[in-house]
Every structure is written in structure tokens, then in C-alpha cells.
Amino acid sequence: MSQSKRPKGIDYWLPKLVLSPTVAVTLVFIYGFIIWTTILSFTKSRMLPSYDFAGFSQYIKLFQNERWTVALTNLAIFGILFIVICMVVGLVFAILLDQNIRAEGALRTIYLYPMALSFIVTGTIWKWILNPSVGIEKFMRNAGFENFSFDWIVDSDMAIYTVVIAGVWQSSGFVMAIFLAGLRGIDTSIIKAAQLDGANLFSVYTRIIIPSMRPVFFSAFIMLSHIAIKSFDLVMALTGGGPGTSTDVPAIFMYQISFQRSQLGVGAASAVIMLMGVAAILIPYLYSELRTKEQ
């Protein structure tokens with residue numbers, strides 16, 4: 001059937017009909033379950049859902065649970081170090097690649113390669129590398145450094161930092177790509193004018209280029225924060241939350257308290273708190289983006 005002979009309005013309704021199954025699935029399995037989880041957090045649900053209203057009792061139990069406090073502390077340590085180091089390393093790599101060095105394409109691919117792996121694979125790889133009996137410690141001792149010790153993964157005080165190492169290794173290349181795109185989008189005439197005025201390369205970057213990349217920094221911060229809050233698979237593959245609860249994070253707490261300890265209401269409350277954390281980051285970002293487009 002030619003376009004002129006199509007029934008009137010088919011060009012308007014056909015895209016909506018094609019997208020409607022995806023929209024329906026999204027509404028049910030994302031927003032529908034968000035609403036359901038929120039409802040469960042105000043009930044007496046344990047092993048199975050129950051709709052007996054319990055007010056804020058599950059939230060009180062949640063914040064009285066010492067393990068939840070440990071999980072929040074670990075998330076703060078991991079999140080701050082992960083975000084800061086990823087942004088610093090990504091910015092340094094982006095600046096180096098912005099100098100039009102040789103083999104830029106190959107280096108960019110090498111930096112980005114870890115991002116192609118899942119967090120499960122990353123966690124498994126670093127679990128081997130950090131294992132004292134087969135990893136870095138074993139290699140260094142075989143090389144003649146018999147007193148060398150790197151057993152952070154089995155040290156309850158240092159284990160959370162191994163999660164930071166693995167996370168930075170995977171995500172810093174992605175941040176580098178974001179910053180590199182931002183650097184390449186800056187008007188070169190401004191840089192040339194600053195250089196003609198006698199500004200050196202360090203001053204150009206610190207006083208002109210980096211300050212003008214504030215939206216890029218904000219976008220990178222949003223994405224890294226989202227990764228940190230939902231860090232479940234990386235921690236499970238690398239440490240399993242151990243030793244003990246030394247690398248426990250809210251995502252692991254929510255899963256285990258809901259499905260292994262049959263406290264569905266408390267688990268739902270923890271999920272709602274995590275959602276609020278993500279929303280507290282995303283809403284200002286969306287507001288800023290919409291405000292920029294309106295202007």
C-alpha cells in the first residue's frame with residue numbers, strides 16, 4: 001500500500017502501537033514493582049507478602065540493625081573513593097589523550113576495554129589477582145620478595161578498598177571517554193587566545209578548560225554515583241560481602257535480608273531508602289538538564 005493510500009492517521013498511531021508493549025512492560029515491571037515494594041515496606045511482611053499495615057516499624061527496625069549501619073558506612077567509603085579516583089584518573093587520561101599522541105586509538109581502546117566486561121567478570125578477575133595464595137602476593141614472593149604482603153581481600157579492615165580498586169579499574173576508562181569528549185568539544189579559539197596571551201598549558205587547563213567542563217563533571221558524577229549505589233554484582237563476585245560483613249553494602253543487605261532471612265518488609269524498606277538515594281542524585285540532574293534546554 002502506497003503512503004498516499006494509507007488510512008488517515010496510520011502514521012500517527014503506528015509508532016505508538018509498536019512502542020506500546022515496551023511501555024506496558026516498563027510500567028508494570030519497573031514502576032509497578034517500585035510502588036509494590038514501597039507498599040510492602042509499610043506492612044508486616046516477612047517470608048511472604050502481607051498487607052497488614054505496620055506504619056514505619058520496618059524503617060525503625062532497619063535503622064536499628066547494626067548491619068545496615070555497616071552497609072551504609074561501607075557504601076560511603078566505597079562511593080567517595082570510587083567517584084573521586086575514577087574522576088581523577090579519567091581526567092588525567094583524557095588530558096593525555098587530548099595531546100594528539102601517537103596510537104591514541106589503541107590506547108583509548110585499552111582504557112575502555114574493562115568497561116566491556118560485566119562486574120561479575122571484573123570481580124572474579126580481581127578475586128584471583130588479590131588472592132594471597134595465587135595472586136600478587138604469591139607472584140612477588142616467588143620473585144624473591146619473601147616479606148611482601150598484600151592480603152587486603154582477607155583483611156576485614158582493608159577489604160572494602162579492594163572493591164574500590166576493582167571498581168576504579170573497570171569504570172575509569174568510561175569516565176576518560178566522557179571527559180575526552182568534553183575536551184574535544186571546547187572551542188579551540190579560546191585556548192589559542194589564552195596561549196597567545198602567554199598562558200602555559202597547565203594554566204590553560206586549570207583556569208579555562210576544566211572550569212568550562214562543569215556539566216561534564218556533573219554527568220560523570222551522576223553515573224558513577226548510580227553505579228556505586230547499586231554495586232551488588234561486583235561485591236558479590238569479589239568478596240561476597242566478607243570477611244564477615246566488612247564489605248557489606250545496602251544492595252547485598254537488601255537481597256540477603258529479604259530472601260535469606262525472610263524479612264521482606266525490612267528488605268523493602270532498605271530498597272526504598274536506596275531508591276531515595278538514587279532519586280536525590282537524579283532529580284537535581286534532570287532539573288538542571290531541563291532548565292538548560294529551556295534557556
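Use the structure listed above.
These figures come from a predicted structure and were not determined experimentally.

Visitor: How do you make sense of empty space enclosed by the protein when you look at a structure like this?
Guide: A water-sized probe, rolled over the atoms, reveals where empty space remains. Considering all chains together, one arrives at one cavity of 30 Å³ or more under this definition. Within this model, the largest cavity holds a volume of roughly 40 Å³. Lining the largest cavity, in full, are F78, F82, F119, G167, I227, S231, D233 and L234. Looking at the lining of the largest cavity, the elements that each hand over two or more residues are α3 (66-97) and α11 (233-238). Considering only residue class, the lining of the largest cavity consists of five nonpolar, two polar and one charged.

Visitor: Explanation requested: the side chain of T247 in the structure shown.
Guide: Its location among the elements puts T247 in the loop between α11 and α12 (250-259). Within the structure, T247 has its side chain in polar contact with the backbone oxygen of G241 (distance 3.1 Å). For T247, the side chain forms a polar contact with the main-chain oxygen of G242, separated by 2.7 Å.

Visitor: Please explain the pattern of salt bridges as it appears in this structure.
Guide: Charged atoms that come close allow side chains of opposite charge to pair. Evaluated as defined, the whole model comprises three salt bridges. For R67, the salt bridge is made with D248, and the minimal N-O distance between the two is 2.4 Å. Note that R67 is positioned in helix α3 and D248 in the loop between α11 and α12, a separation of 181 residues in sequence. For the pair R67 and D248, one class covers both residues: buried. One salt bridge connects R184 with D98, and the closest N-O pair in it is separated by 2.9 Å. Residue R184 is found in helix α7 (residues 159-184), and its partner D98 is found in the loop between α3 and α4 (104-112); the two are separated by 86 residues along the sequence. Taking the relative accessible area as the measure of exposure, D98 reaches 17% and is therefore buried.

Criteria and cut-off values
- Residues numbered from 1 in each chain as written.
- Predicted model: local features only at pLDDT ≥ 70, side-chain atom pairs only at ≥ 80, totals over all residues.
- Heavy atoms only, no water.
- 1 Å grid on protein atoms, 1.4 Å probe; cavity = no way out; pocket = protein on both sides within 12 Å on 5 of 7 lines; lining within 4 Å.
- Points joined across faces, edges and corners; volume = space filled by probe spheres on them.
- Helix = DSSP H or I, 4+ residues; strand = E, 2+ residues; numbered from the N terminus.
- Nonpolar A, V, L, I, M, F, W, Y, C, P; charged D, E, K, R; others polar.
- Polar contact = N/O pair within 3.5 Å; in protein donor to acceptor, adjacent residues only side chain to side chain.
- Salt bridge = Lys/Arg side-chain N within 4 Å of Asp/Glu carboxyl O.
- Buried < 20%, exposed > 50% of the residue type's maximum accessible area, 1.4 Å probe, protein only.

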